[in-house]
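Spelled out from the first residue to the last, the chains are:
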Amino acid sequence: MHHPFRSWLLPLLFVAAPLAAEEIGSVDTVFKFIGPDHKIVVEAYDDPGVEGVTCYISRAKTGGLKGAFGLAEDRSEASIACRQVGPIAIARPIRLQEEIFSERTSLVFKRLRIVRMVDPQRHSLVYLTYSDRLIEGSPQNSVAVVAVDRTVPIPLR
């Protein structure tokens, strides 16, 4: 039997869900007797303002008991590679520089961030990933560039 509640609830759940990483895969780096192993994960982030661009981040995830309960602090190192995965389209004007993703990597203090910057002179999008802390951030960072075809406008706000 078709329930009327379900017909409008499902689309609402997809609209209300925050943008999140899609895990592509992982490799174990340290075996832990109790709790999950330490690992390196590769995640995909679709740029929410630029259709056709996906950023792939590789980063360490702490395992063990602290990792299992979300109490571990992941390392600050991360690598980023952003690629054109389809036709690039920018439906609404984007900022010259804006944070497009932020994900907590420790219980309270640390976040992994991705910032998109526009280089109008070279008609390119520059993506920077870094980690920061409440008290002191890390200088560890990684950058990737996606060249946009000059026939595709990059509207700025």
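Residues numbered from 1 in each chain as written. Predicted model: local features only at pLDDT ≥ 70, side-chain atom pairs only at ≥ 80, totals over all residues. Heavy atoms only, no water.

Visitor: Tell me about the overall build of the protein, and name the residues and values.
Guide: The helix and strand tally for the protein stands at 2 helices and 8 strands. The linear arrangement of helices and strands in the protein, starting from the amino end, is α-β-β-β-α-β-β-β-β-β. Here the protein holds 157 residues, and the buried ones make up 32% of them. Carbon and sulfur atoms make up 59% of the accessible area of the protein, which totals about 10200 Å². (Helix = DSSP H or I, 4+ residues; strand = E, 2+ residues; numbered from the N terminus. Buried < 20%, exposed > 50% of the residue type's maximum accessible area, 1.4 Å probe, protein only. Areas by Shrake-Rupley, 256 points an atom, 1.4 Å probe, with all protein chains shown as cover.)

Visitor: Hey, could you go over the side chain of E98 for me, with residue numbers and the actual values?
Guide: Here E98 shows up in strand β5 (residues 97–104). The class for E98 is buried, based on a relative accessible area of 15%. In this structure E98 touches I114, V115, R116 and R157, once residues within four positions along its chain are discounted. (Contact = heavy atoms within 4.5 Å.)

Visitor: Residue-level account of a nonpolar patch on the surface, with values.
Guide: Residues I24, V42, Y56 and V85 make up a contiguous nonpolar surface patch of about 320 Å² in total accessible area. Mapped onto the fold, I24 is located in strand β1 (residues 22–30). (Patch = residues over 30% accessible without salt bridge, like charges linked within 9 Å, V, L, I, M, F, W, Y side chains within 5 Å. Salt bridge = Lys/Arg side-chain N within 4 Å of Asp/Glu carboxyl O.)

Visitor: Break down the pattern of salt bridges for me, citing the residues and quoting the values.
Guide: The full count for this structure, using the stated rule, is 6 salt bridges. A salt bridge links R116 to E98, with the shortest nitrogen-to-oxygen separation between them at 2.9 Å. One end of the pair, R116, is in strand β6 (residues 110–119); the other, E98, is in strand β5, and 18 residues separate them in sequence. Between E99 and R113 there is a salt bridge, with the nearest N and O atoms lying 2.9 Å from each other. Of the two residues, E99 sits in strand β5 while R113 sits in strand β6, which places them 14 residues apart along the sequence.

Visitor: So, the nonpolar core: which residues are in play, and what are the values?
Guide: Ranked by size, the top nonpolar core spans 23 residues in total, and within it V50, I80, I114, L125 and Y127 carry the most contacts. Secondary structure elements with two or more residues in this core: β3 (51–61), β4 (78–89), β5, β6, β7 (124–133) and β8 (141–147). Looking at this core element by element, the count peaks at 4 residues for β4. Apart from the residues lying within four places of it in its own chain, the contact partners of V50 are I88, A89, I90, I94, R116, L125 and Y127. (Core = buried A, V, L, I, M, F, W, Y, C linked by side-chain atoms within 4.5 Å.)

Visitor: Any details on the environment of I100? Residues and values, ideally.
Guide: Inspection of the secondary structure puts I100 in strand β5. Along the primary structure I100 and D46 are separated by 54 residues, whereas in three dimensions their C-alpha atoms are 9.5 Å apart. Aside from chain neighbours lying at most four places away, what touches I100 is D47, P48, I114, V115, R116 and Y127.

Visitor: Please set out unusual backbone geometry residue by residue, giving values where relevant.
Guide: The backbone phi angle of H123 is positive, close to 50°, even though this residue is not glycine. Tracing the sequence through the fold places H123 in the loop between β6 and β7. Residue H123 is classed as buried on the basis of its relative accessible area, which comes to 13%.

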